[in-house]
Amino acid sequence: QVQLVESGGGLVQAGGSLRLSCAASGSISRINNMGWYRQAPGKQRELVAAITRPGSTNYADSVKGRFTISRDIAKNTVYLQMTSLKPEDTAVYYCNANVFTSSDSDYAGRGYWGQGTQVTVSS
């Protein structure tokens, strides 16, 4: 059993900052990629930022220069530092991780999702 738990969401004024955290727990052997997605009402879920185990990152164009993704491999935790927040950043943010357990092959892990955390940016 693998569980991802997000924290750090909330209400913030435009221009403010928030830091999201996501900690994975359970029978984890290894985590490869981790990432943050978001979904606003009536819109498609989109990738916000992702980070590989070696540390390569990828960002949506809309958040480049404002958001920073990082991770602590030893703690199975990924972070999303959000600055210069805009009302259009308002969404439910979901943590995702590609997790290997003892039941998985060496070639592919399984995707797990957190429960989501609400981020609301007021204008």
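Before any of the text, the structure's been laid out above.
For the structure given in this document, a descriptive report is provided here. Computed from a predicted structure; not experimentally measured.

**Observations concerning the pattern of salt bridges**
Thought 1: Counted by the stated rule, this structure contains four salt bridges.
Thought 2: Across the pair arginine 38 and glutamate 46 runs a salt bridge, and its minimum N-O distance is 2.7 Å.
Thought 3: One network of salt bridges, with partners in common, ties together Arg38, Glu46, Arg66 and Asp89.

**Observations regarding the state of the cysteines**
Thought 1: Applying the stated criterion across every chain, the model contains one disulfide.
Thought 2: Between the sulfur atoms of cysteine 22 and its disulfide partner cysteine 95 the distance amounts to 2.1 Å. Disulfide cysteine 22-cysteine 95: the torsion about the S-S bond is -85 degrees, which places it as left-handed. One end of the pair, cysteine 22, is in strand β3 (residues 18–26); the other, cysteine 95, is in strand β9 (residues 91–100), and 73 residues separate them in sequence.
Thought 3: Judged by its relative accessible area of 0%, cysteine 22 is buried.

**Quick word on the nonpolar core**
Thought 1: By size, the foremost hydrophobic cluster in this structure holds 31 residues, and its most contacted members are Trp36, Leu80, Met82 and Tyr93.
Thought 2: Those elements that place two or more of their residues in this core are β1 (2–7), β3, β4 (30–39), β5 (46–51), β7 (67–72), β8 (77–82), β9 and β11 (117–122).
Thought 3: The biggest single contributor to this core is β9, with five residues.
Thought 4: Residues within four places of tyrosine 93 in sequence aside, it is in contact with Glu6, Leu20, Trp36, Tyr37, Arg38, Val48, Phe67, Leu80, Met82, Gly116, Thr117 and Val119.

So, how was this worked out
Residues numbered from 1 in each chain as written. Predicted model: local features only at pLDDT ≥ 70, side-chain atom pairs only at ≥ 80, totals over all residues. Heavy atoms only, no water. Salt bridge = Lys/Arg side-chain N within 4 Å of Asp/Glu carboxyl O. Disulfide = S-S within 2.5 Å. Helix = DSSP H or I, 4+ residues; strand = E, 2+ residues; numbered from the N terminus. Buried < 20%, exposed > 50% of the residue type's maximum accessible area, 1.4 Å probe, protein only. Core = buried A, V, L, I, M, F, W, Y, C linked by side-chain atoms within 4.5 Å. Contact = heavy atoms within 4.5 Å.

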